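# A look at the structure
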Amino acid sequence: MAVLGIDTSCYRTSVALVENGVILRDERRLIEVKSGERGLRQSEGLFQHVRAIGEIIETAFSGFNGSLDAVCVSSRPRDVEGSYMPVFTAGEAVARSLAAAGNLPLFKTSHQQGHIRAAMFSSDIIGDDFLAVHLSGGTTELLRVYAGLRPDSQMRVELIGKTTDLNAGQLVDRIGVRLGLPFPAGAHLERMAASGTSRSLAPTSVIGDNISLSGAEARLMRLIDAGERPTDVAREVYSFLERTLAKWMENAVRKSGIKTILMTGGVSSSEMLKSLLAARIKKRGSDMELYWADPGLSGDNAVGVALIGWDMLKGVAAHARHDIS
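Residues numbered from 1 in each chain as written. Predicted model: local features only at pLDDT ≥ 70, side-chain atom pairs only at ≥ 80, totals over all residues. Heavy atoms only, no water.

### Observations concerning the sheet that holds strand β2 (residues 12-19)
Reading across the sheet, the 5 strands line up as β3-β2-β1-β4-β5 and stay open at both edges, with mixed pairing between neighbours. If you trace the sheet from one side to the other, it starts and ends with β3 (22-30) and β5 (106-110), each paired once. Neighbour to neighbour, the strand axes of the sheet diverge by 20° on average, direction disregarded. Inspection of the sheet shows strand β4 (residues 70-76) paired to β5 by 5 bridges, in the parallel sense. Looking across to β5, one finds that Arg76 is bridged to Ser110. Contacts from helix α1 (residues 42-61) reach β1 (2-8), β2 and β3, with the element oriented near 25° to β2. In this fold helix α3 (residues 111-122) packs onto β1, β3, β4 and β5, with an angle of close to 90° to the strand it touches most, β5. (Pairing = 2+ DSSP bridges. Helix = DSSP H or I, 4+ residues; strand = E, 2+ residues; numbered from the N terminus. Axes fitted to C-alpha atoms, helices over the stretch in contact; angles between N-to-C directions. Contact = heavy atoms within 4.5 Å.)

What follows is the structure, given as structure tokens:
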């Protein structure tokens, strides 16, 4: 069974082709953001998706001699009522057209669920009930995930906590751009941070189930204005994120009793963040178990969306076999 996955998020046009759980194609194109800018309007993102998606679909199907059995698309940012961004309409329109033209099943999921499914695929996490931290430019949330891997069920995501202001990716990008780095700034800022030192100058703010990042942004901006070494400011970003996430997750583990946590989203691709959190867990003797997606499947991609479509298609097939019997 082959499924085409489509994801048109804020900063990347993505298409993936999965056959029987194997990734055959993974095509992506980054949305262009002008130098010095920290983002772009939804209308501009939508235009760039429309311009790119046809070409990357053609690339994805180049050399594919099989038959397509279903299409799956991320039609919204998160699986909650009212979740909407215009950029996702580009992918949904193309997905609906392909499904109608080929008389194929059309499955819809959320961008966030796609992130989680891709992370599940590329990590060795086991179980149907675990916690997940989704860190990106558009989302910073702590979730409880019911994976829905059985043929008679679907993935469900329950919100536990969130940021009350900035997202983790926004913090990274804003500080990075202020330091003269290109957008998106994550990989560039991490390289800069590698030669810096941290004195834990940015204060954490973990209040109940939620966190706040805006105070850290203000503190880091003041450090830049005061002439602090750029490498040290960069390092402070990752120190702050490590300390904040550790407290946040420790609270969630105590409250839920669940020790397994899946790390996903573009910010979680940071090897520095991974190393800092691992060191803290070891030092504190914590029994948290962190699972990380492969960096290549941490950022925006359509692989998880395609895999969710494959999961749903298997469920349809299983029900059909049951009805026949």
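### Some details on the pairing of strand β6 (residues 129-135)
With 6 of its 7 residues buried, β6 lies for the most part within the structure. Inspection of the sheet shows β6 paired to strand β7 (residues 140-146) by 7 bridges, in the antiparallel sense. Each residue of the ladder has a partner; that of Ala132, found in β7, is Leu143. Connecting the antiparallel pair β6 and β7 is a turn made up of 4 residues. (Buried < 20%, exposed > 50% of the residue type's maximum accessible area, 1.4 Å probe, protein only.)

### A few points about the pattern of salt bridges
Scanning the entire structure with this criterion turns up 16 salt bridges. For Arg199, the salt bridge is made with Glu228, and the minimal N-O distance between the two is 2.4 Å. Of the two residues, Arg199 is situated in the loop between α5 (186-193) and β9 (206-207) and Glu228 in the loop between α6 (214-225) and α7 (230-256); the sequence distance between them amounts to 29 residues. The class for Arg199 is exposed, based on a relative accessible area of 54%. (Salt bridge = Lys/Arg side-chain N within 4 Å of Asp/Glu carboxyl O.)

### Focus on the side chain of Gln48
Note on placement: Gln48 falls in helix α1. At 3.0 Å, the side chain of Gln48 and the side chain of Glu44 are in polar contact. (Polar contact = N/O pair within 3.5 Å; in protein donor to acceptor, adjacent residues only side chain to side chain.)

### Examining the state of the cysteines
In total, this model carries 0 disulfides according to the counting rule given. No disulfide involves Cys10; its nearest neighbouring cysteine sulfur is the one of Cys72, lying 19 Å away. Using a relative accessible area of 21% as the deciding quantity, one classes Cys10 as partly exposed. (Disulfide = S-S within 2.5 Å.)

### Let's talk about the packing of α6 against α7
At a minimum axis separation of 10 Å, α6 and α7 run at an interaxial angle of 165°. Here α6 is positioned roughly antiparallel relative to α7, judged by the angle of their axes. Once α6 is placed against α7, the crossing between them reads as right-handed. Here Ala216, Leu220, Leu223 and Ile224 of α6 come into contact with α7, specifically with Val233, Glu236, Val237 and Phe240. Here the contact of α6 with α7 is composed, by residue class, of 7 nonpolar, no polar and 1 charged. (Parallel < 35°, antiparallel > 145°, perpendicular 65-115°, else oblique. Left-handed = near helix turned anticlockwise from the far one by under 90°. Nonpolar A, V, L, I, M, F, W, Y, C, P; charged D, E, K, R; others polar.)

### Points about the nonpolar core
Grouped together as the largest cluster of nonpolar side chains are 46 residues, with contacts concentrated most on Val133, Ile175, Leu241, Met249, Ile261, Met263 and Leu277. Elements with a minimum of two residues in this core: β6, α4 (168-178), α5, α6, α7, β11 (260-264), α8 (271-284) and β12 (289-292). Discounting chain neighbours no more than four positions away, the residues touching Ile261 are Leu131, Ala132, Val133, Met249, Val253, Met288, Glu289, Leu290 and Tyr291. By size, the runner-up hydrophobic cluster in this structure holds 17 residues, among which are Ala70, Phe107, Ala302 and Ile308. (Core = buried A, V, L, I, M, F, W, Y, C linked by side-chain atoms within 4.5 Å.)

### Some points on the pairing of β12
Pairing between β11 and β12: 4 bridges, direction parallel. Note that in β12 the partner of Thr260 across the bridge is Glu289. In this view, the connection linking β11 to its parallel neighbour β12 by way of α8 has right-handed handedness. (Right-handed = clockwise from strand over helix to strand, strands pointing away.)

### Examining the sheet that holds β12
Strand order in this open sheet of 5 strands is β8-β7-β6-β11-β12, and the pairing throughout is mixed. Bordering the open sheet on either side are β8 (156-162) and β12, each of which pairs with just one other strand. Taken pair by pair, the neighbouring strands of this sheet meet at an average axis angle of 30°, ignoring direction. Strands β6, β7, β8, β11 and β12 of the sheet are contacted by α3, whose axis makes an angle of about 115° with β11. Where α8 meets the sheet, its contacts fall on β6, β11 and β12, and the angle it forms with β12 comes to roughly 165°.

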